[in-house]
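So the chains spell out like this:
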Amino acid sequence: MTDESHTVKSGLFNGEHVVNRIFTWGQTNGSPVNLVEFLKQKTSLVKCALAVSLVAIPFCWGMAGEGEKAAIALSNSFLISQTSPTVHQGTQIILNGRALPGAWTQSQTGGVSSTGISDAGLLQMTGIELLNTEDPGSQPVQWFSDPVTNPLVLPARLIGPTRYLDITSLAFQAGWQLRVNGNTLQVDTPTARVLAVRQAPQPWGERFVIELDQPAPWQVDQRNQEFILTLDARMDSSLPVPATDTVQSPSQPSPDGQLGFLLSQPTPNQTRFRVGIPSSLRPRIWSLPNPNRLIVDVRADSLVNRNILWAPGLRWRSQILNLGADRFPVVWLVVNPRQPGIRLKPILPNPDTMTGIAPLAQTAALAQAAAAINGGFFNRNNQLPLGAVRLNGRWLSGPILNRGAIAWNDAGEFRIDRLTLQETLITSTGQRLPITHVNSGYIQAGIARYTPDWGAAYVPLSNNEILIGVQNARVINQQVVPTAGSRAFPIPADGYLLVLRSNSSAAINFPVGSSLRLESITSPPDFNRYPQIMAGGPLLLQNRQIVLNAEAEQFNRAFVTGKASRSAIGQLADSHIIIATVHNRIGGDGTTLTEIAQIMQQLGAVSALNLDGGSSTTLYLGGQILDRPPGTTARVHNGIGVFIQTGSKH
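Residues numbered from 1 in each chain as written. Predicted model: local features only at pLDDT ≥ 70, side-chain atom pairs only at ≥ 80, totals over all residues. Heavy atoms only, no water.

### Notes on the overall build of the protein chain
Heads up, the rule is: By the criteria applied, helices consist of DSSP H or I runs no shorter than four residues and strands consist of E runs no shorter than two, each listed in order from the N terminus. Whether a residue is buried, partly exposed or exposed follows from its accessible area with a 1.4 Å probe, protein chains only, as a fraction of its type maximum: under 20%, in between, or over 50%, in that order. Throughout, a residue-residue contact means that at least one pair of heavy atoms, one from each residue, lies within 4.5 Å. Note that accessible areas follow from Shrake-Rupley with a 1.4 Å probe, and for residues the cover is restricted to the protein chains shown.
Of regular secondary structure, the protein chain possesses ten helices and 53 strands. Out of the 650 residues belonging to the protein chain, those deemed buried represent 55%. Contacts spanning at least 24 positions in sequence make up 64% of the contacts within the protein chain whose residues lie at least 6 apart. Total accessible area on the protein chain is roughly 27,000 Å²; 49% of this is exposed by carbon and sulfur atoms.

Here it is, written out as structure tokens:
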């Protein structure tokens, strides 16, 4: 065995000789018990008696009663204490020869291995479904199992921003072979066989049933108008499949909304189903035992109700909410900002410059955030921010147009209101000149100011700008730039750059060598004491009441009246924070601003702010996108990240 490559024993482990060295493991009816003999006497734990090891202990635990758990826990502690664990980890998984992204970790103690895969990676790799839980260290799942009569419970552990589910017992039960090679975890599963494929129309939509001779992993690649289901099982080419003659192309659903169905089989041990669906429908795919079968429900209301305490202070929720006759699928996270180890901060694709956009999942992973939601508005063409972003007391981008913003500190105090930043330059002659904006992609006549927090350089955003360099509170140069985007101009590291737009007469106030003084205040004044700020708009709720006034925040009419996907952030009465997303109503269009305000009310918010929406709407948790197919996410300029202190464990 080497550090680079070794095989994990997910079958029987010869640990009985280790266990038998201990006479007393626990007590039953007051008498000492030898663990092996104790387990052998329990008919419900026969499998544990055959494989006394760390591999079997999680499985035994799920079957044991309270009295039996004491002996198992002691055996676990003994085995772990014999040697220091060797830890391997990586970010790639090879499933039956196919590379899939997914964080994994593996610890070895005395030749016994325990393997964890991120819940996002496990969902993508196997199709496993996470069930509701109030214990962040114990995750019930459904995978060819009955959650009532035969629950599968996987131990969960949070390491930094990633939540790992221990698959050791699942791999043992399912007969998976696990091998580590460098930063890659190789998973080989028994070859399953497709026994039948049926299509069963339902009142709410369409159902496909795929019967299997044994459990098999599956993966879904979902787009707007189709999804591809890849099943790690072979299928006889003579097996009948549902008819496909209603649709010309599987990626283009027919006008009457019928589903297109296509079967292809790229390898002998893999079956791929390609289904074209109307954009208003989504698949829900889940599994059942006895017989083993995969259920594919294609319906408008495919959202699954969830209530998962993902980590201490971080809860994942999803539910269909009613507003009058309309139903809205809502996905949200509830964050306790006063939970030890939890912090919220703005996140950016590139912290060194305010230019750039990226998918939220990429930005969150780069920042090591456990969760995130898209943030404020931006110009998609020049990739610059349009609104306040304050990080650790620094204005990376200043507010505009008196728009709504949320401010907070590390003590868990939050403030949501409309925000204005007013800066004033005071010249050596006593002249007071207003600054229109600070570090902003918003162009307006007047004087703008750009600091090193904008980046190392500034590229003119309009023609005929006058650039004035200020270093150590003194003017060092002045120049006219005729053409926008002509080149980049350095921003003094210990100063700033003034940009005069359609205001050439003001240049006389800044002779080279003259001194300048700067005053800065916010409205409301107390916003200035918060180190973190993210703007959006419009303001939705204050004191539980809808205070929506989009016109006052200078949003255009089309934005005010439109229906679109929405993102929002709000504060509950108990000071917890909710970050929420909602897309189309079931069977209809997107959400209005009034409706997102009403939804935030239903979720219990006492104050709330609309964030950038439309294609930007994205909610992220632990490596996965919660609210939409990952392939449909747009690139965004910034977001709000939820951070959990590195190394926190439970």
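Now that the structure is up, let's keep going.
### What about the pairing of strand S8 (residues 138-142)?
The line we're drawing: Note: two strands are recorded as paired if DSSP finds a minimum of 2 bridges between them.
Counting buried positions along S8 yields four of five residues, so the element is predominantly enclosed. Pairing of strand S7 (residues 129-130) with S8 involves two bridges; the strand directions are antiparallel. When the bridges of S8 are listed, Leu 130 appears paired with Val 141. In this structure, S8 lies alongside strand S9 (residues 152-159), joined through four bridges in antiparallel fashion. Residue pairing in the sheet places Gln 139 in a bridge with Leu 154 of S9.

### Some words on the sheet that holds strand S34 (residues 420-427)
What counts is decided by this rule: Angles shown run from 0 to 180 degrees and are taken between the N-to-C directions of axes, each axis being a line fitted to C-alpha atoms and, for helices, limited to the stretch in contact.
In spatial order, the strands read S35-S34-S43; together these three strands make up an open sheet with antiparallel pairing. At either end of the open sheet lies a strand with only one pairing partner, and these are strand S35 (432-435) and strand S43 (516-523). Ignoring strand direction, the axes of neighbouring strands in this sheet form an average angle of 25°. Relative to S43, S34 runs antiparallel, the two sharing eight bridges. When the sheet's bridge partners are listed, Glu 423 is paired in S43 with Ser 520.

### As for the sheet that holds strand S14 (residues 205-212)
Whenever strands of a sheet pair, they do so through backbone hydrogen bonds, lying parallel or antiparallel. The mixed open sheet is built from five strands, whose spatial order is S17-S13-S14-S21-S20. Of all the strands in the sheet, just strand S17 (233-235) and strand S20 (282-288) have a single pairing partner and so form its edges. Along the sheet, successive strands turn relative to each other by an average axial angle of 30°, direction set aside. As judged from the seven bridges shared by S20 and strand S21 (residues 293-299), these two strands associate in the antiparallel manner. Looking across to S21, one finds that Arg 284 is bridged to Asp 297.

### Topic: the environment of Ala 174
Secondary-structure assignment places Ala 174 in helix H7 (residues 168-174). Taking the C-alpha atoms as reference, Ala 174 lies 7.6 Å from Pro 215; in sequence the two are 41 residues apart. Not counting chain neighbours up to four residues away, the residues in contact with Ala 174 comprise Trp 143 and Pro 190.

### Structural notes on unusual backbone geometry
Pro 524 follows Ser 523 through a cis peptide bond whose omega is 0°. Its place among the elements puts Pro 524 in the loop between S43 and strand S44 (532-535). Pro 538 follows Gly 537 through a cis peptide bond whose omega is 0°. Relative to the assigned elements, Pro 538 resides in the loop between S44 and strand S45 (539-542). One non-glycine residue, Asn 543, adopts positive backbone phi at about 50°. Structurally, Asn 543 can be placed in the loop between S45 and strand S46 (545-546). Under the relative-accessibility criterion, Asn 543 is labelled exposed at 69%. In the Ramachandran plot, Gln 554 falls in the positive-phi region, its phi being about 60° despite a non-glycine side chain.

### A short note on the pattern of salt bridges
Keep this limit in mind: Salt bridges are defined as contacts in which a side-chain nitrogen from Lys or Arg sits within 4 Å of a carboxyl oxygen from Asp or Glu.
On inspection of all chains with the given rule, the structure shows 22 salt bridges. Glu 553 is the salt-bridge partner of Arg 418, the closest N and O atoms lying 2.9 Å from each other. Here Arg 418, found in strand S33 (residues 414-418), pairs with Glu 553, found in the loop between S46 and helix H9 (557-561); they are 135 residues apart in sequence, far enough to count as distant. For the salt bridge of Arg 501 with Glu 465, the shortest nitrogen-to-oxygen distance reads 2.9 Å. Placement of Arg 501 in strand S42 (residues 495-501) and of Glu 465 in strand S39 (residues 465-471) is noted, with a sequence separation of 36 residues between them. Arg 501 sits in the buried class, given a relative accessible area of 4%. By relative accessible area, which is 0% here, Glu 465 ends up buried. Taken together, the shared-partner salt bridges in this structure form one network comprising Arg 299, Asp 301 and Arg 327.

### Thoughts on helix H10 (residues 593-602)
Within the span of H10, buried status applies to Leu 593, Glu 595, Ile 596, Ala 597, Ile 599 and Met 600. Directly after H10, the chain includes Gly 604, whose backbone phi takes a positive value near 100°.

### Topic: the confidence of the model for the protein chain
Quick reminder of the rule: Per-residue confidence from the predictor is given as pLDDT, running between 0 and 100.
Averaged over every residue, the pLDDT of the protein chain is 85; the share at 70 or more is 82%. Counting interchain partners and residues more than four positions distant, the pLDDT-below-50 stretch residues 1-83 has 123 contacts. Under a pLDDT of 50 for its full length, residues 244-257 has, in the predicted model, 27 contacts with residues more than four places off or in other chains.

### So, the packing of aromatic side chains
This is how the line gets drawn: Each Phe, Tyr or Trp ring, with Trp reduced to its six-membered ring, pairs with another whose centre is within 6.5 Å; inter-plane angles below 30 degrees give stacked pairs, above 60 give edge-to-face pairs, and intermediate values give tilted ones. The criterion for a charge sitting over a ring is simple: Lys NZ or Arg CZ within 6 Å of the ring centre, and within 35 degrees of the ring normal.
Applying the stated rule across the entire model yields ten aromatic pairs. Note on Trp 408 and Phe 414: the rings are 5.7 Å apart at their centroids and 15° apart in plane angle, and the pair reads as stacked. Neither residue differs from the other here; Trp 408 and Phe 414 are each classed as buried. In this structure, Arg 403 packs its charged tip against the face of Phe 555, placed 3.8 Å from the ring centre. One Lys or Arg, Arg 449, reaches over the ring of Tyr 496 and ends 4.9 Å from the middle of that ring.

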